[in-house]
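The residues making up each chain are set out below.
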Amino acid sequence: KPCSENMLPRSAALAWLATLAWTQSSATIHDTQQPRTSVSVAMLQRWTDERLAPSSCTSGLRHLGNCLLDIDRHSVCLIALLAMQHFNERDGRFVPAFSSPLTHACNKNLSLDGLIDTRSTVPPALLGLVRALRNSGGHPRLIIGPGRSEVSLAVSTMAGFLGIPVISYSSTSPLLSSAARYPFFMRSIPTDEGEASAICTFWRSEMQFTAAAVLYAQDTYGIGFAALLRHHCVDTYTMRIHMLSFEASTHETLVASVESLRNSGLNAVLIVGVGPENTWAIEEAVAQGLLRRSPTSVWAIAGGASPSDLHALSSAAKEAADGSIRVATMGATETNPLWRRFVQEWPLFTPPAHSDSLPANWSTAESVFANFNINASSVARDIGTYMYDAVAAAGLLACAASPQGPLSSTFTSDLFDARSSTHFAGLTGNVSFDKNGDRTVTRVSVSLSNVLYDVHTGKFNFVGKATIQGGLVKWTAGRRDLVYNFRSTEEPVAQLKPPPPPLPPPTPPPLPPPSSTVVTARFLAILVIAVVLVGAACCSCFCGCVFKLRVVSRRFGVRPQALLSLIARRRLRRLRRFKHFPLRSLQKPQVPRGTSSSLELPLQGHEQLRTLFRKYSGDDARMVLGDWLRFCREQQKEADEAAATEAFLRVVTGADLAHVEPSHASGQTFRLRNVIKHFTIARQSDTQSFRRPRASVGIDECSHSPAGQGLLQRSSLASFSSKAVHAQRGSCAQKVPFNSVFGSAAHDGNSVSTKNAGSAPPRFRLS
């Protein structure tokens, strides 16, 4: 019984093992006999570079007229074909997920629908893709590649329109991280986030630089890298970054950018370009003396440069580039056992399928596997490994989208939707994707290398010096043992003293002095012109004054000398008043009531006035209202009897003539007229027989008349009509002397406007 109790579990275990063995064998038989469904794949690779001049090609390395790239790029193409073969054979030596039960249960294989050389530019890549779409009879289900970010942007735009997923192995620009713009784009390599952070950490933390310059190409790769540098160097490390751009794929625009960089005085420079763009920048810096021995320069290149690119430099540029810094995202590392196994079995590989489709001028696949040291190649280690993982991701995504059966109409969209749930271990570590199709990496490992030139082999090598991860620098030798440009060991500085400004141009020789004859002639001409102008102005002013003085003198019968004397005295008196009392100049000047005794003589001797007065006055040398109206009607030809009566009564009642508004006179003319008015209305002198004082006006004849009293007591004569005047002619005969009548007439004729001026004749004037 004890024995049977012990044997029962053992038999059960044997039965379980037998069942498991049968299940595994049946699964193997089923996997072997099950038909596979092919998923067509188009591969876009870099065989040639259209930007290189044919004269720079190595002899024998040409393909369709373009320069064929070196054996490093040849190894990347072979790695891609090996990855496809390993997936189809479910060989899990380098990607364990290939041999997993889920992959064995999947009936999908990858079939190559075309190998396309992008020539490192956009037009050939699109043309080759269009030809592949036309020749296949249907769209490829997947596109692996291309390598450059600029080409990937164009290809992913076209493939997104057709609904074809694209998995790139070397496009690192952050501008492609948009599922909305590029809905079917994925990549197995991290973005440039790690490289940008690493170079900023090196500058600020290790070299203590506060300023640096970036010389980048204006393409998808360069613009995206420059944006990341602004974020990390400026925002995180508060550095001053001088950005200088140049047109991608052209050498001519570099001249102005390097010249501007030289003027800035910055000594720490990073070149962001792909392939020959790095060579052009270094050559131009050497030509302009920017890459110098002393003070030591520290120039760096990004992951877009390879040793074969630097091989095209001239001898002087190679010497200057020796000791440069290179910062690049690491692909395979020595700590990854899958990579170590791949390196060990590299010489044992046989040429994969479709390797004969590669350019014939390349060496055979057998020689590459036998003679090429893949672990020493930075291109194979940092780019070829991402190519292997991109092909692996394509196969595993195809199995995740459609494990069994034929491909559905939604296969491509299902494949892209499965990106978030697909993860595996590859040659570059753990591979997974986010919602944008980018590679998700917690911490990107970036290698910091010295670019060293081997004079014996004539080649450049990237010698690793440190690893930068998460802002921490880990030196391989335990300390910083870098060399700098020209293999200098002196510590460089970031900012040089600005160059002295250029010397000013030589002063031109002075002009010969002009001859004295010419100077004298010019001076005399100017003097004559000035004298003529001043004389003309003075003559014009003098003639105008004389003309006005003569007009006034003839109009009022006053000698010009007397008028000048009066004007001079009044001007002098006004100046004296203004000097002592400045505010009085703003007030209205008072009109003098008296007349000058010196101006009475011309009036006394005026025979015309005396004759007219005697003609219309009485025997007592006085004029009554009726005589005045008759004088105005006969001599003045006036039809407005009321206006004439008002002028007569204004003299009789003693109205102040200063209240008469000068509506049509102003300025000097008004002041001259006031002089004449006050000169003619002089009522104080009674020395002559025909002039009596105002007090002698005979008004006693009308004092007993109520109508006369009412007439004399009126203060406003505006409503005095002509009928009232005619009613009082016989009973009220007011009399005025000669001076009052003709002085009032003169004043009224020059100050009070007349009604119906267009038809009535002019009033009497003293002319």
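This one's a predicted model, so the numbers in the text were calculated from it and none came from an experiment.

Asker: Tell me about the overall build of the chain, and please be specific about residues and values.
Answerer: Summing up its helical and strand segments, the chain has 25 helices and 20 strands in all. Considering the chain as a whole, with its 767 residues, one finds that 47% of them fall into the buried category. For the chain, long-range pairs separated by at least 24 residues make up 73% of all intrachain contacts whose partners lie at least 6 apart in sequence. Accessible surface, the chain: about 38200 Å² in total, of which carbon and sulfur atoms supply 58%.

Asker: Can you explain the sheet that holds strand E10 (residues 240–246)? Please cite residues and give values.
Answerer: One open sheet holds the 8 strands; their spatial order is E10-E9-E11-E12-E13-E16-E17-E18, and the pairing between them is mixed. Of all strands in the sheet, those with a lone pairing partner are E10 and strand E18 (472–475), marking the two edges. Between one strand and the next, the sheet's axes are offset by a mean angle of 30°, whatever the strand orientation. Pairing of strand E11 (residues 268–272) with strand E12 (residues 298–301) involves 4 bridges; the strand directions are parallel. Residue pairing for E12: Ile271 is matched across the bridge by Ile301. Contacts from helix H7 (residues 220–236) reach strand E9 (211–217), E10 and E11, with the element oriented near 165° to E9.

Asker: Please set out the sheet that holds strand E6 (residues 142–144) residue by residue, giving values where relevant.
Answerer: A sheet is described by the order of its strands in space; here 5 strands give the open sequence E5-E1-E6-E7-E8, paired in parallel fashion. Of all the strands in the sheet, just strand E5 (108–117) and strand E8 (185–187) have a single pairing partner and so form its edges. On average, adjacent strands in this sheet sit at an angle of 25° to one another, irrespective of strand direction. Pairing of strand E7 (residues 166–168) with E8, which is carried by 3 bridges, proceeds in the parallel orientation. Bridged to Ile167 within E8 is Met186. Here helix H5 (residues 149–162) sits on the sheet and contacts strand E1 (37–45), E6, E7 and E8; the angle it forms with E7, its principal contact strand, is near 165°. Of the strands in this sheet, E1, E5, E6, E7 and E8 are in contact with helix H14 (residues 378–401), which crosses E6 at around 165°.

Asker: Outline helix H8 (residues 254–264), supporting the account with residue identities and numerical values.
Answerer: Of the positions making up H8, those classed as buried are Leu254, Ser257, Val258 and Leu261. All buried residues of H8 fall inside an arc of 95° around its axis, so they share one side. Check the buried side of H8 and you find it contacts E9, E10, E11, helix H9 (276–287) and E12. Of the residues flanking the end of H8, it is Gly265, one or two places downstream, whose phi is positive at about 80°.

Asker: Before we move on, can you summarise helix H6 (residues 193–206) with the specific residues and values?
Answerer: Here H6 contains 14 residues, and its C-alpha end-to-end distance of 19 Å stays within 8% of the 20 Å for a straight helix at 1.5 Å per residue. Taken together, the buried positions of H6 are occupied by Gly194, Glu195, Ala196, Ala198, Ile199, Cys200, Thr201, Phe202 and Trp203. A positive phi of about 60° marks Gln208, the residue just after H6.

Asker: Please provide a residue-by-residue account of the state of the cysteines, values included.
Answerer: Inspection of every chain in the model, using the stated rule, returns 2 disulfides. The side chain of Cys106 participates in a disulfide bridge whose partner is Cys399; the two sulfur atoms lie 2.2 Å from each other. Measuring handedness by torsion sign, the sulfur bridge of Cys106 and Cys399 sits at about -90° and is left-handed. Pair noted here: Cys106 is in the loop between helix H3 (101–105) and E5 and Cys399 is in helix H14, with a separation of 293 residues, a long-range link. A relative accessible area of 8% places Cys399 in the buried class. Through a disulfide, Cys200 is tied to Cys233; the S-S separation comes to 1.8 Å. Disulfide Cys200-Cys233: the torsion about the S-S bond is -90°, which places it as left-handed.

Asker: Go over the pattern of salt bridges with me, naming the residues and quoting the values.
Answerer: A complete count under the given rule lists 17 salt bridges for this structure. With a shortest N-O distance of 3.9 Å, Arg119 and Glu50 are connected by a salt bridge. A residue pair is termed long-range when its members are at least 10 positions apart, and Arg119 in the loop between E5 and helix H4 (122–135) and Glu50 in the loop between strand E2 (48–49) and strand E3 (62–63) qualify at 69 residues. A salt bridge links Asp438 to Arg187; the shortest N-O distance between them is 2.9 Å. Linking Asp438 in the loop between strand E15 (429–432) and strand E16 (446–454) with Arg187 in strand E8, this pair joins segments that are 251 residues apart in sequence. Each member of the pair, Asp438 together with Arg187, is buried. Within this structure, Arg46, Asp49, Arg51 and Glu277 form a network of salt bridges that share partners.

Asker: A description of a positive patch on the surface should follow, citing residues and the corresponding values.
Answerer: A surface patch of like charges, here positive, comprises Arg569, Arg573, Arg576 and Arg577. Inspection of the secondary structure assignment puts Arg576 in helix H17 (residues 560–580).

Asker: Got a sec to walk through the confidence of the model for the chain? Specific residues and values, please.
Answerer: On average, residues of the chain score 77 in pLDDT, and 74% of them are at 70 or above. Per-residue pLDDT stays below 50 along residues 591–596; that stretch engages in 16 contacts with residues further than four places along the chain or on separate chains.

Asker: An account of the packing of aromatic side chains is needed here, citing residue identities and associated values.
Answerer: Given two aromatic rings, one states the distance between the centres and the angle between the planes to describe the pair. Applying the stated criterion across every chain yields a total of 15 aromatic pairs. Ring geometry for Phe94 and Phe342: centres 5.1 Å apart, planes at 80°, overall edge-to-face. Of this pair, Phe94 sits in the loop between helix H2 (71–88) and H3 while Phe342 sits in helix H12 (residues 337–345); the two residues are 248 residues apart in sequence, bridging distant segments of the chain. Phe342 carries the same exposure label as Phe94, and that label is buried. Their ring planes at 75° and their centres at 4.7 Å tell us that Trp346 and Phe369 sit as a pair that is edge-to-face. Residue Trp346 is found in the loop between H12 and helix H13 (365–371), and its partner Phe369 is found in helix H13; the two are separated by 23 residues along the sequence. Residue classification places Trp346 among the buried positions, given a relative accessible area of 1%. Members of the aromatic cluster, each reached through a chain of ring pairs, are Phe94, Trp339, Phe342, Trp346, Phe349, Phe369 and Tyr388. Over the face of the ring belonging to Phe87 we find Arg90, whose NZ or CZ atom lies 4.6 Å from the ring centre.

Asker: Break down the environment of Asp70 for me, citing the residues and quoting the values.
Answerer: Within the secondary structure layout, Asp70 lies in the loop between strand E4 (66–68) and H2. Classification of Asp70 as partly exposed rests on a relative accessible area of 23%. Once the C-alpha coordinates of Asp70 and Trp47 are considered, the two residues, 23 residues apart in sequence, prove to be 8.6 Å apart. In this structure, Asp70 is in contact with Ser308 and Trp362, ignoring residues within four places of it in sequence. There is a polar contact of 3.3 Å between the side chain of Asp70 and the side chain of Ser308.

Asker: Run through the nonpolar core, naming residues and quoting values.
Answerer: What tends to happen in soluble globular proteins is that the nonpolar side chains get buried as a cluster. Met43, Ile144, Phe342, Trp346, Ile374, Tyr388 and Val391 are the most contacted members of the largest nonpolar core, which totals 66 residues. Looking at this core, the elements with two or more residues in it are E1, H2, E5, E6, H12, H13, H14 and helix H15 (411–417). If one sorts the elements of this core by residue count, H14 sits on top with 16 residues. Beyond its immediate sequence surroundings of up to four residues, Tyr388 is in contact with Ile79, Leu82, Ala83, His86, Phe94, Val95, Phe98, Phe342 and Leu427.

What counts, and where the lines are drawn
Residues numbered from 1 in each chain as written. Predicted model: local features only at pLDDT ≥ 70, side-chain atom pairs only at ≥ 80, totals over all residues. Heavy atoms only, no water. Helix = DSSP H or I, 4+ residues; strand = E, 2+ residues; numbered from the N terminus. Buried < 20%, exposed > 50% of the residue type's maximum accessible area, 1.4 Å probe, protein only. Contact = heavy atoms within 4.5 Å. Areas by Shrake-Rupley, 256 points an atom, 1.4 Å probe, with all protein chains shown as cover. Pairing = 2+ DSSP bridges. Axes fitted to C-alpha atoms, helices over the stretch in contact; angles between N-to-C directions. Arc of directions from axis to C-beta. Expected span 1.5 Å × (residues − 1). Disulfide = S-S within 2.5 Å. Salt bridge = Lys/Arg side-chain N within 4 Å of Asp/Glu carboxyl O. Patch = residues over 30% accessible without salt bridge, like charges linked within 9 Å, V, L, I, M, F, W, Y side chains within 5 Å. Lys, Arg positive; Asp, Glu negative; His and termini not counted. Charge placed at Lys NZ, Arg CZ, Asp CG, Glu CD. pLDDT = per-residue confidence, 0-100. Phe/Tyr/Trp six-rings, centres within 6.5 Å; stacked < 30°, edge-to-face > 60°. Lys NZ or Arg CZ within 6 Å of the ring centre and 35° of its normal. Polar contact = N/O pair within 3.5 Å; in protein donor to acceptor, adjacent residues only side chain to side chain. Core = buried A, V, L, I, M, F, W, Y, C linked by side-chain atoms within 4.5 Å.

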